[in-house]
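# Notes for the structure review
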Amino acid sequence: MSEMDDLAAFAVLIEAGSFTLAAQQLGCSKGQLSKRISLLETRFSVVLLQRTTRRLSLTAAGAALLPQAQALVIQVERARQALARLKDDMAGPIRMTVPVSLGETFFDGLLLEFSREYPEVQIELELNNSYRDLSRDGFDLAIRSEVANDERMVAKPLLAWHEMTCASPAYLEQFGEPQTPADLADHRCLLNSHYSGREEWLYHQQHELLRVRVSGPFASNHYNLLKKAALAHAGIARLPSYLLQAELADGRLRWLLRDYQTRSMPMYLVHPYQGGLPKRTQVLADYLMGWFKRSGEALDRL
């Protein structure tokens, strides 16, 4: 037992008024408790108690030490209560809505990591590209690429992604690698049908805006399907940078036209303004902010 344990035992003993009752409260024998008090007296080189068969009385040294021992017991109990409150706050549901491609790419593994650390939190994740009213629909968190001017919402920058032009090495070996955006007109391009101007790809170099008309064998409004098509050597795709970290790192896709800039889009972590989030929601929000910061730094190193 530590010195602090013995001080706490001393306080419990005086409060109980007898070795028998104090030993019961502490879950030890009378002999063990007596030994702990004796060790405490030996450490401080004082006598703390006058023991008689009928009652315990404090010496001057014991009276001087008692308030400190009692304060220690109070602090331990406060710490126990604080941890109990934290455990209660870290248990319960969190509802979250995120864009489909982002959720499919990251959130299975990401939220499994979180759940291993906080097993009492139940996360309900909705993948949806449509706008959801968080307060009305009962969501605690959302990730969005656009933030409305809504004083009911708090939005924090989560990551900024840009579209990367990419293709598989096998495709490039067969059809050649474009050196300028204009070369894309002669390539098989994979189009995003979510955008009305999907057949016009824009690039920037310094202060010049470059437009190129593209065409190809496949279009989809789903980023992950376009990535699968690029991995299957079907053509050249423009995909969000957050989708490509693993494929660029292991060489399954190559980043093309790196000297030309494409559009950049911020993404925000959004939650209803509540004057303070529940602890479990704040912990998840902080976890996501940190995870995406590290992910962005890793992508920048490629």
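Residues numbered from 1 in each chain as written. Predicted model: local features only at pLDDT ≥ 70, side-chain atom pairs only at ≥ 80, totals over all residues. Heavy atoms only, no water.

So the rule is basically this: UniProt positions are given in the numbering used here, feature names are shortened, and annotations may be inferred rather than shown by experiment.
By the naming in an unreviewed UniProt entry, the chain is LysR family transcriptional regulator, taken from Pseudomonas frederiksbergensis. Quoted verbatim from the Sequence similarities (unreviewed entry) field of the UniProt record, the comment on the chain reads "Belongs to the LysR transcriptional regulatory family."

## Remarks on the domain arrangement of the chain
Selection rule: An automatic or database domain assignment supplies the residue ranges for each domain.
For the chain, the assigned domains are domain 1 (3-86), domain 2 (92-159 + 265-300) and domain 3 (161-264). Measuring from the centre of the C-alpha atoms in domain 1 to the corresponding centre in domain 3 gives 73 Å.

## As for the environment of V98
Test applied: Here a helix means four or more residues in a row that DSSP labels H or I, a strand means two or more in a row labelled E, and each is numbered from the N terminus. The contact criterion used throughout is that any non-hydrogen atoms of two residues lie within 4.5 Å.
Here V98 shows up in strand 3 (residues 92-98). The contacts of V98, once residues within four sequence positions are left out, are G103, F107, L125, E126, L127, N128 and I143.

## A word on the pattern of salt bridges
For clarity, the threshold we go by: Salt bridge criterion: a side-chain nitrogen from Lys or Arg within 4 Å of a carboxyl oxygen from Asp or Glu. Partly exposed describes any residue whose relative accessible area lies between the buried limit of under 20% and the exposed limit of over 50%, with all areas from a 1.4 Å probe on protein chains only and scaled to the type maximum.
The tally for this structure, following the rule as stated, stands at 14 salt bridges. Residue R43 is joined to D6 by a salt bridge in which the shortest nitrogen-to-oxygen separation is 2.8 Å. Of this pair, R43 sits in helix 3 (residues 30-44) while D6 is found in helix 1 (residues 3-16), placing the two residues 37 residues apart along the sequence. The buried category is assigned to D6, whose relative accessible area is 1%.

## Some points on helix 5 (residues 100-117)
Just so we agree on the cut-off: One less than the residue count of a helix, multiplied by 1.5 Å, gives the span that helix is expected to have. A residue's bend is the angle separating two fitted axes: one through the seven residues that end there, the other through the seven that start there.
In a regular helix each residue adds 1.5 Å, so 18 residues correspond to 26 Å; helix 5 covers 25 Å between its end C-alpha atoms and thus fits that length. F107 marks the point of greatest bend in helix 5, at about 55°. Residues V100, S101, L102, G103, F106, F107, L110, L111 and F114 constitute the buried set of helix 5.

## Brief notes about the layout of surface pockets
To be explicit about the condition: Note on definitions: the grid is 1 Å and covers protein atoms alone; a cavity is a set of points where a 1.4 Å probe fits but cannot get out; a pocket is an open set with protein on both sides within 12 Å along at least five of seven lines; lining residues have an atom within 4 Å of a point. Grid points are joined across faces, edges and corners, and a volume is the space filled by probe spheres set on the points. Amino acids are sorted into nonpolar (Ala, Val, Leu, Ile, Met, Phe, Trp, Tyr, Cys and Pro), charged (Asp, Glu, Lys and Arg) and polar (every other residue, Gly among them).
Empty space within the largest pocket amounts to approximately 670 Å³. Lining of the largest pocket is provided by 27 residues; of these, P99, N129, S145, H194 and M267 occupy positions nearest its centre. Of all the secondary-structure elements, those providing two or more residues to the lining of the largest pocket are strand 3, helix 5, strand 5 (141-144) and strand 13 (264-272). In terms of residue class, the lining of the largest pocket is built from 13 nonpolar, ten polar and four charged.

## Topic: unusual backbone geometry
The phi torsion at S45 lies on the positive side, around 55°, for a residue other than glycine. Turning to its location among the elements, S45 is positioned in the loop between helix 3 and strand 1 (49-51). The exposure class of S45 is exposed, given its relative accessible area of 66%. Look at Q206: it is not a glycine, yet its phi comes out positive at around 55°. The topology assignment puts Q206 in the loop between strand 8 (200-205) and strand 9 (208-213).

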